Amino acid sequence: MRNLLACDRVKAVLLTPFTIMDKIRTIAKKKAHRSLPRVHGLRVYFTSIIIYYLLVTPFLLLLYVKNAEKMMPGRHVQRYENSRNVSDSLSDRHTDSIENSASNISKKDGSDTISGIMTVTGDSLNVATAANNQDADNGMAVGSSMGLQIKLLLIAIVAGMFVNYPFKRYFRIRRRGKQASYRLHALCKKWILKLPAIHSIILLVAFGIGHIFVLITLQNPDSYINEAARAYDRQFFYISLIASLLVVMFAFYWIRHRVHIKYLEHIYSNEEMHTRVFKSATGRIKNRLWITSGTTTLLPLLVVIIYLLQSFTSVSDLGFNLREAPEDVRRVLLGDQAAFGGIVRFDEGSSDSLFYVNAFNSLVMMIGIYSGIFVSLLYIFFFIKWNTEDLVFPVKELLANMKRTGEGAMNSYALVRTNDELGELTEGYNDMTRQISEYIGSINRINESYFRFVPRQFLDMLGKEAITDIQLGDQVQKEMSVLFTDIRDFTSMSEAMTLQENFDFINNYLGLMEPVISRNHGFIDKYMGDSIMALFSGKVENAINAAIEMRRTLNDYNQVRETEGKPPLNMGVGIHTGDLMLGVVGGHGRMEGTVISDAVNLASRLEGLTKIYSSAVIISQDTLIKLDDPFRYSYRFLDIVKVKGKKESVYIFEILDGESDEEKGLRMKTRADFNRGLELYRSKRFEDALEYFKAVVLGNPSDGAARLYQQRCITNLHQGIPEDWDGVEVINTK
């Protein structure tokens, strides 16, 4: 039980780092998903509606205050009579005549006077009462249209929520780290670019129905008590129409900005965003700047001008002629300029063209102007923000991708977010990047093809970066291990095959051996029919390991050939280590990389010796002494030879690891007798040596080297040896 608990603790300790890493990855993924944008719907509608009422409400208030008296005839008449009485009372002449007339009338018939006063008073009350009732009625047109407008805007909000629901659901699922369904993704992908137009149409329809209602009402004069009330509605119609168009445009550009900058890259794939996904005609930056400039510059001026114009009251609305007005009244209206009244003649025509601003109108005007300026500042803030991001954000992305491309990232594409000149520029950059990437890919494939003919290691040894840097005569001297390998009896085998079969066989065989050489840090210098010449610039062990692995690969290949009913293959490998000259030879029309050295010839001769000594791998003494740990390999001394073209003798050794396990075991078992026989052979004690070699052959009949020495002993015993015989075997064959 304790052991089990201890094992659990060990497992827990071992698994803790992986668990922590998994948690870190999970948290990182959640943060990435949480960074996905949210779909704005309600805030766009509410902000637009608030801006609409900020623009319209002060206008309505100002219009109502100015036209309230005109829309109520009773009150207007009373105000007109009172103003006349007030202005007459300011004149002594008018005051006396009024008093005399009133006295005469009272003396003549008091009852008639009272009756007349009562009659006038009653009529005035009736007119006032009717005016109050009509006032309520005349407000029904604007009140009804405002109520209808509110209902329509509420319906628009609900419709907007319905339109936004699929997109909200899509991003909500993505923020949770889940994959949205194919249908939902396809729906969002189909309608995302149309989202700004859809929301704008919803608001436009809501405002449009309200304005159509007002327009129909305006066509029916019976709906109003008088022309002033109708004029009030008409002015409201124009003001509301302008405000609604501004609001619809505001909503359109807000949603369009979010779609292009926030949403597109999460709905379309990066590959799709490398080109323009927009279906509409190409936009222009100058058009957007014109709209922005007009909205942010002309709107404040328009608002101020409209409020100023609406705050003016015509002097003719006072109900008297400015020329006949007392000096005090004219001073109130004209200020210090009233002194020019004696010079300038004010008749009815000239006084009607004058206007004034009273205190209440000034207050309403200031409120309206401040609210208009506030709305204008909102427009300026939002439009500048949107235009800045719409212009700067894609440019920054493009510059960042250009920088990465300059640093070598060939597949660094930018996202095409807009449909204007920036979109064209980004799309052109992506196309250029694609072409450059394809071109560089083509160049890389060409280089790879060159490397199949001229190995990369060859260029590295010459200190060249590319094949184009190679010049005729480039050379370098290095110590390297040269490996030669050849298929035995290939000539007789090829005679039994057609040309196509020979070609396919060679490619099959070489295709198996080339990766083995590469895995052991070597490279093939050249193919010579079925022969391979490979170079190893690192440790000598690399060449020997490659030879051993090549022999094992051949054994596996022979098993496949056996199942196909084909004869097995055999190969020999010779390895020598020494200095050589590696460089480029040929002419300017045809060059070739090669190595020139006596070491190359010796390695080739060692490969030929494998046929004589029936060995798999033969190495020279120069290769053996350069091994870091010779005892990691199973080997035995074979002979001292002088190969063709060499004056000096070479000690050769057989690597037994390249043989089959059974053969290797037998040769290692008889190695002591084999070595003892070699000592006796070199001491010219051929009879004693013959006994040892017979014992080796008896223990391992497949030991070709032992049989060779057995035959040499018999030959020397029968024919004798030269007096200068030193035990070195001279090999005159290749």
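Reading the values: rules and limits
- Residues numbered from 1 in each chain as written.
- Predicted model: local features only at pLDDT ≥ 70, side-chain atom pairs only at ≥ 80, totals over all residues.
- Heavy atoms only, no water.
- Helix = DSSP H or I, 4+ residues; strand = E, 2+ residues; numbered from the N terminus.
- Buried < 20%, exposed > 50% of the residue type's maximum accessible area, 1.4 Å probe, protein only.
- Contact = heavy atoms within 4.5 Å.
- Areas by Shrake-Rupley, 256 points an atom, 1.4 Å probe, with all protein chains shown as cover.
- Core = buried A, V, L, I, M, F, W, Y, C linked by side-chain atoms within 4.5 Å.
- Phe/Tyr/Trp six-rings, centres within 6.5 Å; stacked < 30°, edge-to-face > 60°.
- Lys NZ or Arg CZ within 6 Å of the ring centre and 35° of its normal.
- Pairing = 2+ DSSP bridges.
- Salt bridge = Lys/Arg side-chain N within 4 Å of Asp/Glu carboxyl O.
- pLDDT = per-residue confidence, 0-100.
- Patch = residues over 30% accessible without salt bridge, like charges linked within 9 Å, V, L, I, M, F, W, Y side chains within 5 Å.
- Lys, Arg positive; Asp, Glu negative; His and termini not counted.
- Charge placed at Lys NZ, Arg CZ, Asp CG, Glu CD.
- 1 Å grid on protein atoms, 1.4 Å probe; cavity = no way out; pocket = protein on both sides within 12 Å on 5 of 7 lines; lining within 4 Å.
- Points joined across faces, edges and corners; volume = space filled by probe spheres on them.
- Nonpolar A, V, L, I, M, F, W, Y, C, P; charged D, E, K, R; others polar.
- Polar contact = N/O pair within 3.5 Å; in protein donor to acceptor, adjacent residues only side chain to side chain.
- Expected span 1.5 Å × (residues − 1).

(A) Focus on the overall build of the chain. Scanning the chain from N- to C-terminus turns up 23 helices and 11 strands. Here the chain holds 734 residues, and 42% of them are scored as buried. Taking the contacts inside the chain whose residues are at least 6 apart along the sequence as the reference set, 73% of them involve residues at least 24 apart. Of the roughly 40900 Å² of accessible surface on the chain, 58% is carried by carbon and sulfur atoms.

(B) Seen up close, the nonpolar core. Formed by 70 residues in total, the largest nonpolar core has its most connected members in I192, F250 and I267. Broken down by secondary-structure element, the contributors of at least two residues to this core are α2 (42-67), α5 (110-175), α6 (182-191), α7 (195-218), α8 (227-267), α9 (285-311) and α12 (359-406). Looking at this core element by element, the count peaks at 18 residues for α8. For I192, the contacting residues outside a window of four places in its chain are F167, V259, Y263, L264, I267 and Y268.

(C) Broad picture of the packing of aromatic side chains. Scanning the model with the defined rule gives 24 aromatic pairs in all. Taken together, a centroid distance of 5.5 Å and an interplanar angle of 50° make the contact between F171 and Y263 tilted. Residue F171 is found in helix α5, and its partner Y263 is found in helix α8; the two are separated by 92 residues along the sequence. Taken individually, F171 and Y263 each receive the classification buried, so the pair is uniform in this respect. Ring-pair connections join several aromatic residues into one group, and the members of that group are F674, Y681, F686, F693, Y709 and W725. Positioned above the aromatic ring of W191, the side-chain terminus of K194 is 4.7 Å from the ring centre. Over the ring of Y709 we find R712; its NZ or CZ atom is 5.1 Å from the centre of that ring.

(D) Local environment of the pairing of strand β8 (residues 617-620). The two faces of β8 match: V617 and I619 on one face and I618 and S620 on the other face are all buried. In this sheet, β8 lies alongside strand β6 (residues 571-586) in parallel orientation, the contact comprising 3 bridges. Across the sheet, residue V573 finds its bridge partner in β8, namely V617. Note: β8 against strand β10 (residues 650-655), 4 bridges, orientation antiparallel.

(E) View of the pattern of salt bridges. Throughout the structure, instances matching the rule amount to 23 salt bridges. Between D431 and R434 there is a salt bridge, with the nearest N and O atoms lying 2.4 Å from each other. Taken together, the positions of D431 and R434, both in helix α13 (residues 421-453) and 3 residues apart, correspond to about one turn of that helix. Take R434: its relative accessible area is 32%, and that puts it in the partly exposed class. Close ionic contact of D688 with R685 constitutes a salt bridge, the shortest N to O distance being 3.1 Å. Using a relative accessible area of 34% as the deciding quantity, one classes D688 as partly exposed. Looking at R685, the relative accessible area reads 43%, which means it is partly exposed. Shared partners join several salt bridges into a network, and the residues in it are R636, E654, E659, E663, R667 and D703.

(F) Local environment of the confidence of the model for the chain. In this model, the chain carries an average pLDDT of 77, and 77% of its residues clear a pLDDT of 70 or more. Ranking the helices and strands of the chain by mean pLDDT puts β8 first, with 94, and helix α4 (residues 92-108) last, with 41. Low pLDDT, under 50, characterises residues 23-34; the predicted model gives this stretch 4 contacts beyond four residues in sequence or across chains. Here residues 74-140 scores under 50 on pLDDT; set against residues more than four positions off or in separate chains, the count is 32 contacts.

(G) Focus on a positive patch on the surface. A cluster of basic side chains, namely R38, R43, K168, R169, R172, R176 and K178, defines a positive patch on the protein surface. Sort the elements by how many residues they give to the positive patch and α5 lands first, with 3 residues. With respect to the element layout, R38 can be found in the loop between α1 (2-34) and α2.

(H) Just a nonpolar patch on the surface, in detail. Taken together, the side chains of L42, F46, I50 and M161 present a nonpolar region at the surface, about 380 Å² in accessible area. With 3 residues, α2 is the single largest residue contributor to the nonpolar patch. Of the residues examined, M161 reaches a relative accessible area of 45% and is grouped as partly exposed.

(I) Here's a closer look at the pairing of strand β4 (residues 523-528). In this sheet, strand β5 (residues 531-536) lies alongside β4 in antiparallel orientation, the contact comprising 5 bridges. In the strand pairing of β5, I524 is matched with A534.

(J) View of unusual backbone geometry. Even without a glycine there, the phi angle at H521 is positive, about 65°. Mapped onto the elements, H521 comes out in the loop between α16 (499-519) and β4. Taking the relative accessible area as the measure of exposure, H521 reaches 57% and is therefore exposed.

(K) A look at empty space enclosed by the protein. Scanning the entire structure with this criterion turns up 2 cavities of 30 Å³ or more. The space that makes up the largest cavity amounts to roughly 60 Å³. Around the largest cavity, the lining residues are Y253, R256, H257, R288, T292, F383, W386, N387 and D390. In terms of residue count, α12 provides more of the lining of the largest cavity than any other element does, 4 residues in total. Classifying every residue of the lining of the largest cavity gives 3 nonpolar, 3 polar and 3 charged.

(L) The side chain of S412, seen in detail. Assignment of secondary structure puts S412 in the loop between α12 and α13. Residue S412 is classed as buried on the basis of its relative accessible area of 7%. Among the polar contacts made by the side chain of S412, one reaches the side chain of R404 at a distance of 3.2 Å.

(M) Quick peek at α16. Its 21 residues place the ends of α16 31 Å apart at the C-alpha level, agreeing with the 30 Å of an ideal helix rising 1.5 Å per residue. Within the span of α16, buried status applies to N502, F505, I506, Y509, L510, M513, V516 and I517. In the core, the buried residues of α16 are packed alongside β3 (475-487), α15 (490-495), β4, β5, α17 (540-563) and β6.

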